[in-house]
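The residues making up each chain are set out below.
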There are 2 protein chains.
Amino acid sequence: MEQRFTYQQLFNFTERIFLAIGCTAHDATIAAESLLSADLRGVDSHGVARLSGYVRLWEAKRVNANPTLKIIHETPSTAVVDGDAGLGLVVAPFAMQVAIDKAKNVGTGWVSVQHSNHFGIAGKHAMMALPHDMIGIAMTNASALVAPTFAKQKMLGTNPIAVAIPAGKQAPFVADFATTTAANGKLEILQRKNKPVPQGWVQNKDGAASNNAHALKEGGALLPLGGNREGSSHKGYMLGSIVDIFSGVLSGANFGPWVPPFPAYIPMPENMPGQGIGHFFGAMRIDAFRTADAFKKDMDQWIAAFKNATPIDVNEPVIIPGEPEVIFENDRMINGIPLLPAVVTDLQQLGENLGVIF
Amino acid sequence: MEQRFTYQQLFNFTERIFLAIGCTAHDATIAAESLLSADLRGVDSHGVARLSGYVRLWEAKRVNANPTLKIIHETPSTAVVDGDAGLGLVVAPFAMQVAIDKAKNVGTGWVSVQHSNHFGIAGKHAMMALPHDMIGIAMTNASALVAPTFAKQKMLGTNPIAVAIPAGKQAPFVADFATTTAANGKLEILQRKNKPVPQGWVQNKDGAASNNAHALKEGGALLPLGGNREGSSHKGYMLGSIVDIFSGVLSGANFGPWVPPFPAYIPMPENMPGQGIGHFFGAMRIDAFRTADAFKKDMDQWIAAFKNATPIDVNEPVIIPGEPEVIFENDRMINGIPLLPAVVTDLQQLGENLGVIF
């Protein structure tokens, strides 16, 4: 049975956990906002369910709770940010703000980040651009779980891309997706239920297509978007690679098979060529191209046209990216955020360890 | 039987055809270079085989052979270019050069284009950035052939994305792909052979999955990358939408179902909200992030690692994006470009009509 908790309760608890590990008040608030945005938007795999995972990274000294974030290289439209091994949940909003500030000055801003850690959901950071009438872009590399087309070996993370685009009367367009067929979180759900996974999600340790939800844990790999060669998995592989290069190679972070893992019990890769995990952020001022009013009017027309596209089944209309997340957010702000019993137990335990009441 | 022609012969013919319809010498050269780059790189569907299609657009007064290209809005890092109904083959290199010039000044340049036409292969334009030690990005919208997830209706073009990234000793990384499972050109090959198409490429007019290569012509639609809901076709739909919005909505071009068709015999959409077809280009100076030398050294390591990733089949190693195209180009520069008899006949006829000897 799921139990529901108010946003405020989970937020306060999360904030106090981050304070307990040594974050400043400012950083604890930002980290809690980043993390909880996943729960609000219905991405349960990336929210408070991962809080203890972040704490274990801190315990393993892989996360610096009190980092000095700084720009180590810049031009009018670009910057490289050194995350100083901080929580990605804090580093990402800092770097996205740099991108926004540059866009204010010269039209666009592009920031590649080195020496960071996992940043929660990409969409949250991309959406920081929206109140400024800017398009926001966020991506990150992650530890290797994905085999490129033709490979057995895991070389790429699920490397998500988020793009947030303002509209007028309509809700903004917010795409946020892993460049794999299925995010690891969806696979874990089927693992827990012991159900087979659809074709194109995973391959086994020999590289053969598999329906086994445990294939990844048994030495197999997640598959790039497209699933197999006939389904054009090379396109998903290219997308994941672009995210990896923009986030990792452009910043001087680690890349490919050398990106540090999220679970603290997994050893760090050997011979790492860079610093920590890499992210990439962009902000484009709408009025650097045309007036925000004209753009938003057209976006409203775009959204209305796609919503009203003739559906295959009248009960399943076309979905605008970001629309389901708004429904989740509205519901969960009112009715609370549902947590599985295992997550509640984990949070209670975490609170006890750090002297924070859940 | 295919017949091979030298690059120079096809280039000279193409250039003279563009001169014959009224292009300036400068534009005819650039248009021929853009078009022929597809034949060289092995994308036979987008090269000289389409030359008569471009001429028919000119005959239908949908293409202006002598356009005045201009920047209609700009900031230090952005511009909107008005293509004046010119050939996309000419408009695209102009706009990409604007992006490159802006990147020289402020680190990056981003150009959205309105009132253009089809621009050939996206990769060619993105690759203009490479000699400048920049990352190049090119995308375009196109007339609607693709149904979003859950829709019967065709709302998006095949909307390709190209990203070209410099390396050191290795060949550059060049990704260039339609955001559908399969490009229309691949479908047409199976149509001509009367062969079934793999699952996830097309749906029929009722929106049901289909293996019929003629499904698109019979009122069906191409499918977004991912192929179906379980395969995460909503991600391909999101990608195609982002390309459409960056190219069409951000520039004031047409978007979604209103993008003008390539075949001149298809009527123009009604109530078009913008001007012509839209493109989007980006250029990012590597040394706006870190030294080009350090970046290229890491890119060489990235490429070597992926090439050497453990393959499923030792005879099929992992492919680096852009690698097959280099092999095509090397072969075709030496041994000529193969054309199907139907294409040769079409070019001969075109030459006769315009007084140009093939």
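Residues numbered from 1 in each chain as written. Chains lettered and ligands numbered in written order. Predicted model: local features only at pLDDT ≥ 70, side-chain atom pairs only at ≥ 80, totals over all residues. Heavy atoms only, no water.

What follows covers helix α4 (residues 88-106) of chain A. All names here are of chain A. For α4, spanning 19 residues, the distance from its first C-alpha to its last is 26 Å, which sits close to the expected 27 Å at 1.5 Å a residue. In terms of burial, α4 is a largely internal element, 14 of the 19 residues being buried. The first or second residue beyond α4 is G107, which carries a positive phi of 105°. (Helix = DSSP H or I, 4+ residues; strand = E, 2+ residues; numbered from the N terminus. Expected span 1.5 Å × (residues − 1). Buried < 20%, exposed > 50% of the residue type's maximum accessible area, 1.4 Å probe, protein only.)

Residues and elements named next belong to chain A. Not every positive phi belongs to a glycine, and F150 is a case in point at roughly 80°. Following the sequence through the fold, F150 ends up in the loop between β5 (134-140) and β6 (161-165). Phi angles above zero are rare outside glycine, and S232 is one such case at about 70°. Counting through the fold element by element, S232 comes out in the loop between β10 (221-222) and α7 (233-249).

Before going further, it helps to spend a moment on the relation of the copies chain A and chain B. Placing chain A over chain B gives an RMSD of 0.0 Å and needs a rotation angle of 180°, together with 0.0 Å of translation along the axis. In symmetry terms, the pair is related by a two-fold rotation axis. When each C-alpha of chain A is compared by its distance to the rotation axis, G226(A) comes out closest, at 2.3 Å. Most of the interface of chain A is mirrored in chain B, where 99% of its interface residues are also at the interface. (Least-squares fit on C-alpha atoms with pLDDT ≥ 70 in both. Contact = heavy atoms within 4.5 Å.)

In this section: the packing of helix α1 (residues 7-20) of chain A against helix α2 (residues 25-40) of chain A. Residue and element names in this part refer to chain A. Remark: α1 packs on α2, axes separated minimally by 8 Å, with the N-to-C direction vectors making an angle of 135°. In terms of axis orientation, α1 runs oblique to α2. For the pair α1 and α2, the sense of crossing is right-handed. Counting all contacts with α1, which are made through Y7, L10, F11, T14, E15, F18 and L19, the residues of α2 involved are A25, A28, T29, A31, A32, E33, L35, L36 and L40. When its residues are assigned to classes, the contact of α1 with α2 shows 12 nonpolar, two polar and two charged. (Axes fitted to C-alpha atoms, helices over the stretch in contact; angles between N-to-C directions. Parallel < 35°, antiparallel > 145°, perpendicular 65-115°, else oblique. Left-handed = near helix turned anticlockwise from the far one by under 90°. Nonpolar A, V, L, I, M, F, W, Y, C, P; charged D, E, K, R; others polar.)

Looking now at the pairing of strand β7 (residues 173-177) of chain A. Residues and elements named next belong to chain A. Burial within β7 is extensive, with four of its five residues counted as buried. Relative to β7, β6 runs antiparallel, the two being bridged by five bridges. Bridge pairing in β7 places I165 opposite F173. (Pairing = 2+ DSSP bridges.)

The subject of this paragraph is the environment of V55(A). All names here are of chain A. For V55, the position within the fold is in helix α3 (residues 51-59). On the accessibility criterion, V55 (1% relative accessible area) is buried. For the pair formed by V55 and M96, sequence separation is 41 residues and the distance between their alpha carbons is 24 Å. Setting aside anything within four residues of it in sequence, one finds V55 in contact with I17, I21, L350 and L354.

Right, let's talk about a positive patch on the surface for a bit. A cluster of like positive charges, contributed by R192(A), K193(A), K195(A) and K217(A), occupies part of the molecular surface. Overall, K217(A) belongs to the exposed group, its relative accessible area being 66%. (Patch = residues over 30% accessible without salt bridge, like charges linked within 9 Å, V, L, I, M, F, W, Y side chains within 5 Å. Areas by Shrake-Rupley, 256 points an atom, 1.4 Å probe, with all protein chains shown as cover. Salt bridge = Lys/Arg side-chain N within 4 Å of Asp/Glu carboxyl O. Lys, Arg positive; Asp, Glu negative; His and termini not counted. Charge placed at Lys NZ, Arg CZ, Asp CG, Glu CD.)

On to the nonpolar core. Core analysis: the largest hydrophobic core is formed by 104 residues, its most contacted members being I135(A), F246(A), I135(B) and F246(B). If near-sequence neighbours (up to four positions away) are discounted, F246(A) is found in contact with S112(A), M139(A), H279(A), F280(A), I135(B), I137(B), V163(B), I165(B) and M284(B). (Core = buried A, V, L, I, M, F, W, Y, C linked by side-chain atoms within 4.5 Å.)

All names here are of chain A. The three strands lie next to each other as β9-β8-β10, forming an open sheet whose pairing is antiparallel. The open sheet has two edge strands, β9 (209-210) and β10, and neither has a second partner. Both strand β8 (residues 202-203) and β9 contribute to a ladder of two bridges, which runs antiparallel. Counterpart to Q203 in the pairing with β9 is A209.

Looking at chain A, the pLDDT average stands at 97 and 100% of residues meet or exceed 70. Here the complex is predicted with pTM 0.98, and the ipTM for its interfaces comes to 0.98. (pLDDT = per-residue confidence, 0-100.)

Let's shift gears to the side chain of S233(A). Residue and element names in this part refer to chain A. For S233, the location among the structural elements is in helix α7. Take S233: its relative accessible area is 3%, and that puts it in the buried class. At 2.9 Å, the side chain of S233 forms a polar contact with the side chain of T149. (Polar contact = N/O pair within 3.5 Å; in protein donor to acceptor, adjacent residues only side chain to side chain.)

So, about helix α2 (residues 25-40) of chain B. Residue and element names in this part refer to chain B. Helix length check: α2, at 16 residues, gives a terminal C-alpha distance of 22 Å against a target of 22 Å (1.5 Å per residue), a fit within 8%. Summarising burial for α2: 12 of the 16 residues are buried, a large majority. Within the sequence span of α2, burial applies to D27, A28, I30, A31, A32, S34, L35, L36, S37, A38, D39 and L40. A positive backbone phi angle near 90° is found at G42, which sits one or two residues after α2.

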